[in-house]
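Observations on the model geometry
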Amino acid sequence: MIEHAYFIKNISDLRLVPNNAGRIYLGSDFCIKAYPKTFSDLIKRTKERYPVSVLIPPVLEMELALMERYINILKELMERDDEIIFNDLGCLFYFINNFKNEYSVGIGRYYSYQKRGVQKFNNVVKKEDLREIPVLDEKMVSFLKSLSVKRVEIDATPYGLEIDSGVDIAISLYLDNILTSYTINCPYTFNGRWWGRKCNRQCLTSMVTFSSEGNVADFFEKGRAYYQDGVETAHPKIDRLVRLEWKNR
């Protein structure tokens, strides 16, 4: 059975969650500073109705103390049916080396290494040649499982999905906000000469869209991450569909 998961940003979103929701995603996959200010309360209220999966983004050295603070909150509040999805291998190693693993750990789509992008092919390459998902290689899955990773997350890219029938790990598929690219330099912290301007969390309310004649579709920026629209797709190996942007249905 397919599990449907929805990302929420605040407590008020809970009353709008679709009826088919089986899990709620929290946190942020692009910046640890984008976590909700009422993070603890949001987890507590959400867990009254749903199991939760918390997204851990790539973390810079200057953000390690903040990451550790959130990890300690999760350690106190999360239970067996809950998950942490790591998009940073350093944070994953920190967690498995310092905390008793009482709930599931997953590896996020930043490590799927899928081919992405909105550029035109110009008959140079076929989309069928871009469907491979390196993180689902047999040896890679074996390595991840040795780290107690229970789940791998991937994107619904426009090229389709090539998943071997023998893959033996749970797989989540993101249906929107497909990751196109990522940078450690947040554009909102650039003062015109150097990076480092104070973060005022503009990424939570602002978005920049990029268009080009060389692209088949637009892509958009939210803080440190660049995204594109997803495609409705499915595969027999997928057991969870994740939506970051959604309307009550």
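Preceding this paragraph is the structure being described.
Just so it is clear, the structure is predicted and the values come from calculations on it, not from any experiment. All residue numbers refer to position in the chain's written sequence, counted from 1. Local features in a predicted model are, by the rule used here, given only for residues with pLDDT of at least 70; side-chain atom pairs are given and counted only at 80 or more, and totals for whole chains, interfaces and linings are based on all residues. The side-chain values count all of the structure's non-hydrogen atoms but skip hydrogen atoms and water molecules.

**So, the side chain of Arg240**
In plain terms, the rule: What counts as a helix is a DSSP run of H or I of at least four residues, what counts as a strand is a run of E of at least two, and both are numbered from the N terminus. In protein, a polar contact requires one atom able to donate a hydrogen and another able to accept it; more generally it is a pair of N or O atoms within 3.5 Å, and residues adjacent in sequence count only if both atoms are side-chain atoms. Whether two residues are in contact is decided by their heavy atoms: any pair within 4.5 Å suffices.
Relative to the helices and strands, Arg240 resides in strand 12 (residues 240–243). A distance of 2.9 Å separates a polar atom in the side chain of Arg240 from a polar atom in the side chain of Tyr25. Reaching out from Arg240, the side chain makes a polar contact with the side chain of Glu83 at a distance of 2.8 Å. Each residue touching Arg240, except ones within four places of it in the same chain, is listed here: Glu3, Ala5, Arg23, Tyr25, Ser53, Glu83, Arg151, Glu153, Ile171, Ser172 and Leu173.

**Section: the pattern of salt bridges**
Here is the rule we go by: Here, a salt bridge means any Lys or Arg side-chain nitrogen found within 4 Å of an Asp or Glu carboxyl oxygen. Note on classification: 1.4 Å probe, protein chains only; a residue is buried when its accessible area is under 20% of the maximum for its type, exposed when over 50%, partly exposed between these limits.
Scanning the entire structure with this criterion turns up 15 salt bridges. Between Glu76 and Lys75 there is a salt bridge; the shortest N-O distance is 4.0 Å. Taking relative accessible area as the criterion, Glu76 reaches 59% and is therefore assigned exposed. Its relative accessible area of 40% is what places Lys75 among the partly exposed residues. Three or more residues are tied together by salt bridges with common partners; here these are Glu3, Arg23, Glu83, Arg151, Asp239 and Arg240.

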